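Fold and contact review
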Amino acid sequence: MKLPEIFRQTLAIALCWFLLTIPVSIAQAETKAIGMVQFQGNVLINGASSPSNATLFSGDTISVPAGAPALLTTGDGARIELRPNSEASFVAGATGTEVLLKQGAVRVQTAQPGQAAVLIEGLLARSSEKAATLFEVVRQDKKVDVTAGRGKVEISGLFGGT
């Protein structure tokens, strides 16, 4: 009769371990690394001081004070420069990194279409061709400027057309 009791205890321990590790596995799967961010000065990631060359994860917010910019190099090779006096959140999108620009300016350099997109309250700016693209989005007060330095940039409203 001791074998069934040992079996029950082993099964109970295995079941408890399984139930405890499922939420951790799901949380880790949702937190996707986007790339590496480099900067000089007191850049904040999620409101806390961070060292340069920190890994940026989907959902993180970067605040860049006056002075030097922060440069994010994504896993797929896009380069996203958050200019001084800027703040943005970064999300791993279906085709690339999405930058939710809250204030300031961001400069995006891509090698592939859709590699990075900038979103500002209903406005979407992203590369629209297969060649390398360089563009900048500046948000000041209620005004948004998009400048293409190289290649073509698609600008559209989230609720309207291009």
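None of these values were measured; they are calculated from a predicted model. (Residues numbered from 1 in each chain as written. Predicted model: local features only at pLDDT ≥ 70, side-chain atom pairs only at ≥ 80, totals over all residues. Heavy atoms only, no water.)

**Some thoughts on the overall build of the protein**
Helix and strand counts for the protein come out as one helix and 14 strands. Taken across its 162 residues, the protein has 31% of its residues classed as buried. A sequence separation of at least 24 residues applies to 37% of the contacts in the protein between residues at least 6 apart. Of the accessible surface of the protein, which amounts to about 9700 Å², a share of 58% is contributed by carbon and sulfur atoms. (Helix = DSSP H or I, 4+ residues; strand = E, 2+ residues; numbered from the N terminus. Buried < 20%, exposed > 50% of the residue type's maximum accessible area, 1.4 Å probe, protein only. Contact = heavy atoms within 4.5 Å. Areas by Shrake-Rupley, 256 points an atom, 1.4 Å probe, with all protein chains shown as cover.)

**Remarks on the pairing of strand 1 (residues 33–39)**
One face of the sheet, then the other: side chains in a regular strand alternate in exactly this way. Both strand 1 and strand 4 (residues 54–57) contribute to a ladder of four bridges, which runs antiparallel. Of the residues in strand 4, the one forming a bridge with V37 is A54. Bridge count between strand 1 and strand 6 (residues 70–74): five bridges; the pairing is antiparallel. Bridged to M36 within strand 6 is T73. (Pairing = 2+ DSSP bridges.)

**Some thoughts on the pattern of salt bridges**
In the structure shown here, the tally under the stated rule is four salt bridges. Between E154 and R126 there is a salt bridge, with its nearest N and O atoms 3.2 Å apart. In this pair, E154 is assigned in strand 14 (residues 153–157) and R126 in strand 11 (residues 123–127), connecting sequence segments 28 residues apart. We note a salt bridge from K143 to D145, for which the minimum N-O separation is 3.9 Å. We classify D145 as partly exposed; its relative accessible area is 35%. Ionic contacts of the salt-bridge type, sharing partners, join the residues E81, R83 and E136 into one network. (Salt bridge = Lys/Arg side-chain N within 4 Å of Asp/Glu carboxyl O.)

**Concerning unusual backbone geometry**
The backbone of N53 sits at a positive phi, close to 70 degrees, despite the residue not being glycine. Here N53 lies in the loop between strand 3 (48–49) and strand 4. Classification of N53 by relative accessible area gives partly exposed; the value is 45%.

**Considerations on the confidence of the model for the protein**
Summarising the model, the protein shows a mean pLDDT of 80, and 78% of its residues fall at 70 or more. Per-element averaging of pLDDT across the protein places helix 1 (residues 2–30) at the bottom with 52 and strand 5 (residues 61–64) at the top with 95. (pLDDT = per-residue confidence, 0-100.)

**Thoughts on the nonpolar core**
Formed by 26 residues in total, the largest nonpolar core has its most connected members in I62, F90, V106 and V118. Looking at this core, the element that brings in the most residues is strand 9 (residues 97–110), giving four residues. (Core = buried A, V, L, I, M, F, W, Y, C linked by side-chain atoms within 4.5 Å.)

**Considering the side chain of T110**
Take T110: it is sitting in strand 9. You can call T110 buried: its relative accessible area is 3%. Aside from chain neighbours lying at most four places away, what touches T110 is A78, Q115, A116, S127, A132 and T133.

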